[in-house]
Amino acid sequence: MPSVAAYRGRFGPAQAERLLWRAGFGPRRNEAQKLAQLGLADAVHSLVYPGREHFVGPQPHDEKGRPLAPYDAWGHDHLWWLDRMIRTSRPLVERMTLVWHDWFATSNQGVGSQRLMIGQNNLFRAHGLGSFHELLNRVTEDPAMLVWLNGSDNSKYSPNENYGREMMELFTLGAGRGYTETDVRQNARALTGFRNDWKRNVGLTNFRYDPKYHDTGTKTIFRKRGAFTWKDSCRLCVTHPDHPSFFVAKLWSYFVPTAPDAHTAAALQQLYVKSGYEIRPVLAAILRHPALYTGPRMVKSPVLYTAGLLRRLGRPIDTSAWTWLDSMAGQQLFYPPNVAGWDDTRWLDTARWRGRWWIAQYALNPYALDPGKAKQPYDAKKLIHDAVGFWRNPALGPGTTVALQAFARNVVADARKDKWKQQQYPPMAQNALRHLIAVSPEFQTA
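Residues numbered from 1 in each chain as written. Predicted model: local features only at pLDDT ≥ 70, side-chain atom pairs only at ≥ 80, totals over all residues. Heavy atoms only, no water.

Chemist: Outline the packing of aromatic side chains, listing residues and values.
Modeler: Overall, the coordinates contain 26 aromatic pairs when judged by the stated rule. Look at Phe104 and Phe132: their rings are 6.1 Å apart centre to centre, the planes differ by 20°, and that puts the pair in the stacked class. Note that Phe104 is positioned in the loop between helix H5 (91-103) and helix H6 (108-111) and Phe132 in helix H8 (residues 132-140), a separation of 28 residues in sequence. On the accessibility criterion, Phe104 (0% relative accessible area) is buried. (Phe/Tyr/Trp six-rings, centres within 6.5 Å; stacked < 30°, edge-to-face > 60°. Helix = DSSP H or I, 4+ residues; strand = E, 2+ residues; numbered from the N terminus. Buried < 20%, exposed > 50% of the residue type's maximum accessible area, 1.4 Å probe, protein only.)

What follows is the structure, given as structure tokens:
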């Protein structure tokens with residue numbers, strides 16, 4: 001079996017920080033330095049095989065100090081999960097939960113139950129590093145998915161193709177790869193039998209598999225004949241010859257912005273099949289691959305950007321504003337736009353950029369300096385030094401540095417002949433410099 005290449009360069013704090021961004025939500029204070037001390041292999045192992053969860057920091061609450069109500073209050077499901085991203089001690093588990101939420105994209109717009117959506121979210125969290133075959137089984141019988149893609153409306157009396165089609169097109173094989181319309185229709189028959197009830201003041205409940213509604217006849221799927229059931233449907237898709245290439249390419253795309261070369265793709269596919277369709281070994285190999293450390297940067301999604309800012313600041317969830325802010329930037333958790341998930345090529349378009357600017361503003365509000373009280377140096381270099389220090393000295397490129405220098409010099413020059421401005425402008429400039437760093441290319445990408 002061909003081996004998967006591993007990064008052999010220096011693994012210092014910069015490389016560890018990139019790993020924490022790709023495999024989590026960015027570093028807390030000193031976290032990148034501690035991870036770098038482990039070396040690449042042990043650092044990846046610590047993420048892929050984490051210990052028990054323990055949350056770091058105070059409990060989340062809204063702006064009035066009230067506990068979150070994720071099952072009931074609008075937007076609190078988003079806050080509940082964002083809090084987990086910020087306080088988790090198992091960042092890769094939480095990051096993979098986000099990956100599966102996009103891979104098996106299910107929206108509360110169609111499900112209509114925050115309780116069912118959070119149930120699915122916990123399913124991803126519990127099984128997101130194990131067997132993909134088992135994960136597909138669990139998703140297929142998951143209540144939120146049964147509602148979202150009409151699985152519990154699919155019976156032998158009236159087959160519904162929605163889930164059977166997306167299982168092939170989006171979840172396991174890829175559009176137009178290895179299946180026909182006949183396979184879709186036959187797969188729908190294999191998936192029949194799921195039911196649920198509806199009760200007043202309860203809603204959708206009692207999700208179950210009822211053999212009486214299952215089509216027990218012979219089906220032909222991928223040129224194989226049998227009295228297939230829903231579990232056979234999952235098995236046939238995962239063991240299809242075109243599945244490993246789909247799985248590797250899609251999983252890779254969440255961590256590296258450029259496609260793997262042919263040798264890497266083949267090696268990862270063989271690793272996946274040999275492991276029995278396990279997620280963890282493929283994921284670990286991707287996180288050790290040179291392309292992750294030497295390749296181009298990736299744009300952060302709005303939720304990743306928000307969680308990263310708050311982790312860096314050490315700020316907990318203390319306002320409900322993050323729901324509408326992330327939505328304005330293009331990503332409200334539990335509400336992907338469609339069954340294909342979010343379009344990550346549009347994260348920085350003009351329609352969404354305003355939301356990112358506001359996210360940075362809201363993140364910085366508690367730390368804003370009052371021009372009437374705070375004193376800041378009347379010196380451009382010192383203002384920039386202090387603003388960069390506020391963010392714990394991130395590496396900034398020459399373009400960002402030049403822009404910050406020009407801004408600070410203009411502020412100082414404008415206040416040169418006015419003592420009032422010399423007192424008032426530096427604190428305002430410090431607030432603005434912090435904000436400009438937060439929206440810089442270096443903070444928007446990782």
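Chemist: I'd love a proper account of unusual backbone geometry, names of residues and values included.
Modeler: With phi around 65°, Arg223 is a residue other than glycine that occupies positive phi space. Its place among the elements puts Arg223 in the loop between strand E3 (219-221) and strand E4 (224-226). Under the relative-accessibility criterion, Arg223 is labelled exposed at 84%. With a phi angle near 65°, Tyr277 is a residue other than glycine that sits in the positive phi range. Counting through the fold element by element, Tyr277 comes out in the loop between helix H14 (262-274) and helix H15 (279-288).

Chemist: A description of the domain arrangement of the protein chain should follow, citing residues and the corresponding values.
Modeler: Per the domain assignment, the segments of the protein chain are domain 1 (13-294) and domain 2 (372-446). Taking only C-alpha atoms into account, the centre of domain 1 sits 43 Å from that of domain 2. (Domains from an automatic or database assignment.)

Chemist: Describe the pattern of salt bridges, and please don't skip the residues or the numbers.
Modeler: Any two side chains of opposite charge can pair, given that their charged atoms come close. Enumeration according to the criterion identifies 18 salt bridges in this entry. One salt bridge connects Arg87 with Asp83, and the closest N-O pair in it is separated by 2.8 Å. Linking Arg87 with Asp83, this pair stays in helix H4 (residues 76-87), spanning four residues, or about one helical turn. Each member of the pair Arg87 and Asp83 is classed as buried. Note that Arg138 and Glu134 form a salt bridge whose closest N and O atoms lie 2.7 Å from each other. On the criterion of helical spacing, the pair formed by Arg138 and Glu134 is a turn pair, its members being four residues apart in helix H8. On the accessibility criterion, Arg138 (34% relative accessible area) is partly exposed. Taken together, the shared-partner salt bridges in this structure form one network comprising Arg28, Glu31 and Arg311. (Salt bridge = Lys/Arg side-chain N within 4 Å of Asp/Glu carboxyl O.)

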